[in-house]
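Residue-level listing of the chains:
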Amino acid sequence: MEAAASTQDDAQLLLDVIGSLLAQLRPGHAPTVALGSDLETDLGIDSLSVAELLVRVESAFGVVLPVALLSTATTPRDLLEAVRRAPQATVPPPARVPPRALAAAAGPPPDDVGSPAAPMHPTLVDSLRWHADEHPDRVHVRVLDEHGGEAATLTYGELSGHASAVARALMDLGVQPGDPVALMLPTGPAYFTTFMGVLLAGAVAVPIYPPDRPSRLAEHLGRQRDILANAGAIVLVTDPAARAMARLVRTQVPTMRHVRTPEELQRAAPDDVGPLPPVTPDGLALLQYTSGSTGDPKGVELTHHHLVANIDAMAQAIGAGPEDVFVSWLPLYHDMGLIGAWLGSLHVGMTLIALPPQAFLVRPASWLQAITAHGGTFTAAPNFAYELCLRRVGPDQLAGLDLRTLRRTFNGAETVDPGTVRRFTARFAPCGLRPQAMAPVYGLAEAAVGLAFPPQGRVARIDRIQRATFHGTGVARPAGPDAVPDAVLELVTCGQALPGYGIRVVDADGQPVPDRTEGRVQFRGPSATPGYRGAPEATARLVDGEWRNTGDLGYLAEGDLVVTGRTKDLIIRAGRNLHPQELERRVGGVDGVRAGCVAAFGVPDPDAGTERLVVVAETRAVDDPEARRTIRTAVVRAAAELLGLPPEEVVLVGPGTLPKTSSGKLRRGEAKARYLAGALQPTGRPGWSQLVRFATAGLPHLARRLGRRAVDVLDTLRAWVTVALLTAPMVVALLLPTSALRWTLARRATRAAAALVGARVQTLGAPLPDGPAVVVANHASWLDGFVMVTVLPGRLRLVAGEVLGERALQSWMLRRLDTVFVERHDRARGVADVDLLVDAARRGDYTVVFPEGGLAHLAGLRPFHLGAFAAAAQAQVPVVPVAVRGTRQAVPPGTRRFRRGPIVLVVGS
């Protein structure tokens, strides 16, 4: 009885905690809470509110909950079960590493001794190898757990070694240089080693984000499917928990051949795949998909040069060096976390302190505590993160913070709010945060990540302009100190162009506009992307000669860039340019409206010859007619007070209706498209039903894939049966007394085999010379020798490596076909073997040589030996280059399967 009563008490306490939170979030409109209520669709609690809820539940029950609940908990019952399993909140605080600037007596950490500045390297692969050679034991990344303790470390040597293993495993799977490899992994050592393994293999990294909430599963899977298909991903690397879901995605992406976990790649790394391919600055390194806040996501193509050029420019602008420490909770699938925080740290040689993003969302103080503990000198986050710290870092946590080591805390990736800048700087000043530390910045994936930074040592600037003048004329006229607050519009300046970059503002015709005049923001620089993957129309809109269109509106003020909004989001109504962001913030403060869940946009009004202003707001009161009327009236009043005109339409929708990006930004363009299509409906459905629908959608592609695989299996069986049937005739042919007879029957046997397995062999190009010649060909498959025998006329002399001469049966067969065995590795013997080639070239019709030597996993022309060319010169016979195409696809190196397809020999002059 007591246990049952305790269970009921726990359930009631939990419901009371949730009810209290809802009463604050939705005064007067809080819904009824039950253990089976869906947190998102029934109660309207988004991910940030779930983080707040976890903190309150921990406090009420005196327990420590895992931050994974942020993604996995869908109902109050899930939280109740987690509370019952959770340990009591008696965990001591993690040991703190004294900040280096505050604890000189402690001395520098051992791994920081002797860490000279890295020289400028052309690729990130070169940077990694230099660090691994110079100081392999120096710690590069410290990964923290959800409580702030150190979960793992990664030295440069470990990063290089594990990444090399991943690269070899990918090569063994058939990944070629330039092939896209997708990563859907959480923050952890495996992400760093896998990403660098992709680069070491010469492949292209495609970071994508894991699912955030079960109720968003269908939207998430569809979005990742489209990204993977657009990228043409060959392999998807994900963690074991997401592997089953990833296999569902694989059924709908035609190019995807493998789904692997990082652990599987580490275990499967072979030693015999040959050397890692060369990585050049011009090689594609990254497909960074834009967040999709303004439409469908687009894959920005970035080379190694782009990444290094942008990192070097940012490092120069902020004075970064190997003695610095970058503290980051940013997800590694986002360019700010991936390039700005990690790859920048790798290239420069900084130490990276990496926190799980979920840990920050649940316990924002963990970010500032990590800066304190590890002497962080740099950090970065979107504006909402600073707001979260203002709301959730209490006085007791403030007392333990020391932010004096922090030189710069970058605020970017979304609109920077002037109020946030002021309040954060003032709130944490007693903790040692200097006013100059707060640095609003501007960047975009099309420039790699960074574009405009404020000068070092400057306090953040806030531009105060006349609201009416700006909305009416687009001119940002400064407001006087005595101006009425409602007549003033405040905008944060984002600094100046990075070294080597240029920023300009142009009108609709592409002509530069005067200072303090709003227009389209363009940039140029060494990391400007050439375009988007497989999107020629979007690329055409992006590229304007040497300039790139950012898609943003803004103006230049005394050299500083001020961003005012997105081009697509601009609302033109009755000759006035209206920016939706400020209106959305004002409407988000209306009672009954979900803050951060408002979209304002313009739609064409043909009758009026202008645009209608539409405001869509999420609310829990969609089923209460009286509450809806009250909210709608308040929204109209807020818009009229701010803009001087009311919206034509206010649409109230339920929680979870408005689409958002992976980083929580509103997808305003998608919201507008759904409004016009009459499809503004919540997306939340039970997870199991979404999986069933998604799996069903992939059945046609799965059937085609299985059909192709069945055809491949049948082709392979037919090929091996053919080989078995022709073995006896071939042996008989090799026993014949004369070389001419042996070659005649051998050629008939290979041609019969080609016909039986359905291999179409074609010869193109120049005619073969009549007399003796040295035929040199690329070596793509062990099928190449049979193709040469099938196609080339007359008696041949095949040249093979000495390793084949050491195998009894193969050696006897090849010698009966006049094969010449040469040494490829011993230089002295190799020179002597040239004489054998000279003699063969003079006596045979055609001497066939594969100068590249043995087979390799890498496609394309490889370094080759010059013996065949030297022999041809000495024998005074022509060299005939032959390009073999199709044999690698028919029988890939390292396999014994066969796939039918055209095989072409292109004969050169």
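Scroll up to find the structure this text is about.
Residues numbered from 1 in each chain as written. Predicted model: local features only at pLDDT ≥ 70, side-chain atom pairs only at ≥ 80, totals over all residues. Heavy atoms only, no water.

**Student:** Got a sec to walk through the overall build of the protein? Specific residues and values, please.
**Tutor:** Within the protein one finds 31 helices and 34 strands. Relative to its full complement of 909 residues, the protein shows a buried share of 55%. Summarising the internal contacts of the protein: among those between residues at least 6 apart in sequence, 72% fall at separations of at least 24. Surface summary for the protein: the accessible area is close to 37,800 Å², and the carbon and sulfur share equals 57%. (Helix = DSSP H or I, 4+ residues; strand = E, 2+ residues; numbered from the N terminus. Buried < 20%, exposed > 50% of the residue type's maximum accessible area, 1.4 Å probe, protein only. Contact = heavy atoms within 4.5 Å. Areas by Shrake-Rupley, 256 points an atom, 1.4 Å probe, with all protein chains shown as cover.)

**Student:** Talk me through the environment of A508; I want residue IDs and the actual numbers.
**Tutor:** You can see A508 is positioned in the loop between β18 (502–506) and β19 (519–524). Note: C-alpha distance between A508 and G519 (11 residues apart in sequence) is 7.6 Å.

**Student:** Tell me what's going on with the nonpolar core, and back it up with residues and numbers.
**Tutor:** Counting 154 residues, the largest nonpolar core has F192, F195, W342, W367, L368 and F428 as its most contacted members. For this core, the element with the most residues is helix α6 (residues 156–172), which contributes 9 residues. Residues contacting W342, with those up to four places away along its chain left out, are H140, V141, F192, F195, M196, L332, G337 and L352. One finds L796, Y846, V882 and L905 within the second-largest nonpolar core, a separate group that totals 28 residues. (Core = buried A, V, L, I, M, F, W, Y, C linked by side-chain atoms within 4.5 Å.)

**Student:** Outline the packing of aromatic side chains, listing residues and values.
**Tutor:** Considering all chains together, one arrives at 15 aromatic pairs under this definition. Ring centres of F192 and W342 lie 4.9 Å apart, and the angle between their planes is 70°; this geometry places the pair in the edge-to-face category. Of the two residues, F192 is situated in helix α7 (residues 189–200) and W342 in helix α12 (residues 335–348); the sequence distance between them amounts to 150 residues. Here the two residues F192 and W342 agree in accessibility, since each one is buried. (Phe/Tyr/Trp six-rings, centres within 6.5 Å; stacked < 30°, edge-to-face > 60°.)

**Student:** Quick rundown of the packing of α7 against α12? Include the residues and the values.
**Tutor:** Interhelical geometry of α7 versus α12 gives an angle of 75° and a closest axis separation of 13 Å. On the basis of their axis angle, the class for α7 and α12 is roughly perpendicular. Touching Y191, F192, F195 and M196 of α7 are L338, W342, L343 and L346, all from α12. Residue composition of the contact of α7 with α12, by class: 8 nonpolar, no polar and no charged. (Axes fitted to C-alpha atoms, helices over the stretch in contact; angles between N-to-C directions. Parallel < 35°, antiparallel > 145°, perpendicular 65-115°, else oblique. Nonpolar A, V, L, I, M, F, W, Y, C, P; charged D, E, K, R; others polar.)

**Student:** Break down a nonpolar patch on the surface for me, with residues and values.
**Tutor:** A cluster of nonpolar side chains, V713, L714 and L717, forms an exposed patch at the surface whose accessible area comes to about 300 Å². For L717, the location among the structural elements is in helix α24 (residues 699–734). (Patch = residues over 30% accessible without salt bridge, like charges linked within 9 Å, V, L, I, M, F, W, Y side chains within 5 Å. Salt bridge = Lys/Arg side-chain N within 4 Å of Asp/Glu carboxyl O.)

**Student:** Please provide a residue-by-residue account of unusual backbone geometry, values included.
**Tutor:** Even without glycine at this site, A413 takes up a positive phi of about 75°. Within the fold, A413 resides in the loop between β12 (408–411) and α17 (418–427). Judged by relative accessible area, A413 falls into the partly exposed class, the value being 34%. Residue A448 is not a glycine yet carries a positive backbone phi of 85°. Relative to the elements of secondary structure, A448 occurs in the loop between β13 (438–440) and β14 (452–453). Overall, A448 belongs to the buried group, its relative accessible area being 0%.

**Student:** Talk me through the pattern of salt bridges; I want residue IDs and the actual numbers.
**Tutor:** The final tally for this structure, using the stated rule, is 23 salt bridges. The partner of E490 in a salt bridge is R422, and the shortest N-O contact between them spans 2.9 Å. One end of the pair, E490, is in strand β16 (residues 488–492); the other, R422, is in helix α17, and 68 residues separate them in sequence. Accessibility expressed as a relative area gives 26% for E490, which makes it partly exposed. Overall, R422 belongs to the partly exposed group, its relative accessible area being 41%. Between R524 and E546 there is a salt bridge, and its shortest N-O distance comes to 2.6 Å. On the criterion of sequence distance, the pair formed by R524 in strand β19 and E546 in the loop between β20 (543–544) and β21 (547–557) is long-range, its members being 22 residues apart.

**Student:** How would you summarise the sheet that holds strand β11 (residues 378–381) if you had to cite specific residues and measurements?
**Tutor:** One open sheet accounts for 7 strands, arranged β2-β1-β10-β9-β11-β12-β13; its pairing is mixed. Two strands in the sheet have a free side with no partner beyond their single neighbour: β2 (150–155) and β13. With strand direction ignored, the average angle separating the axes of adjacent strands in the sheet is 20°. Relative to β2, α7 is tilted by about 25°, and along the sheet it contacts β1 (139–144), β2 and β10 (351–354). (Pairing = 2+ DSSP bridges.)

**Student:** Quick one: what's the story with the pairing of strand β29 (residues 773–777), residue by residue and with numbers?
**Tutor:** Counting buried positions along β29 yields 5 of 5 residues, so the element is predominantly enclosed. Going residue by residue along β29, you find A773, V775 and A777 tucked away on one face and V774 and V776 tucked away on the opposite face as well. Bridge count for β29 against strand β32 (residues 846–849) is 4 bridges, and the pairing is parallel. The residue bridging A773 from the neighbouring strand is Y846, located in β32. In terms of strand pairing, β29 meets strand β33 (residues 879–885) through 4 bridges, oriented parallel. Paired with V775 across the bridge in β33 is V880.

**Student:** Any chance you could break down helix α21 (residues 625–643) for me, citing the residues and the numbers?
**Tutor:** Note on helix geometry: an α-helix contains 3.6 residues per turn, so any two residues three or four positions apart are oriented the same way. Here α21 contains 19 residues, and its C-alpha end-to-end distance of 27 Å stays within 8% of the 27 Å for a straight helix at 1.5 Å per residue. Listed as buried for α21 are A627, I631, V635, A638, A639, L642 and L643. Buried positions in α21, seen along its axis, are confined to an arc of 105° and lie on one side of it. Where α21 begins, the capping side chain belongs to D624, and its oxygen is found 3.2 Å from the backbone nitrogen of E626. (Expected span 1.5 Å × (residues − 1). Arc of directions from axis to C-beta. Polar contact = N/O pair within 3.5 Å; in protein donor to acceptor, adjacent residues only side chain to side chain.)

**Student:** Any details on the pairing of β11? Residues and values, ideally.
**Tutor:** The alternating pattern of β11 places F378 and A380 and T379 and A381 on opposite faces, both of which are buried. Bridging between β11 and β12 involves 4 bridges; their strand directions are parallel. Following the sheet pairing, A381 is matched in β12 by N411.

**Student:** Tell me about the side chain of R142, and please be specific about residues and values.
**Tutor:** Here R142 lies in strand β1. Separated by 3.0 Å, the side chains of R142 and E150 make a polar contact.

**Student:** Explain helix α30 (residues 867–875) to me, and be specific about the residues and the numbers.
**Tutor:** Every buried residue of α30 is accounted for by A868, A871, A872 and A875. Buried residues along α30 cover an arc of 100° about the axis, so they all sit on one side. Backbone geometry just downstream of α30 places Q876 in the positive-phi region, at approximately 55°.

**Student:** Provide a residue-level description of the side chain of E264, including the pertinent values.
**Tutor:** Note that E264 resides in helix α10 (residues 262–268). Relative accessible area serves as the criterion here: at 19%, E264 is assigned to the buried category. Dropping the residues within four chain positions of it, E264 is found in contact with R243 and V259.

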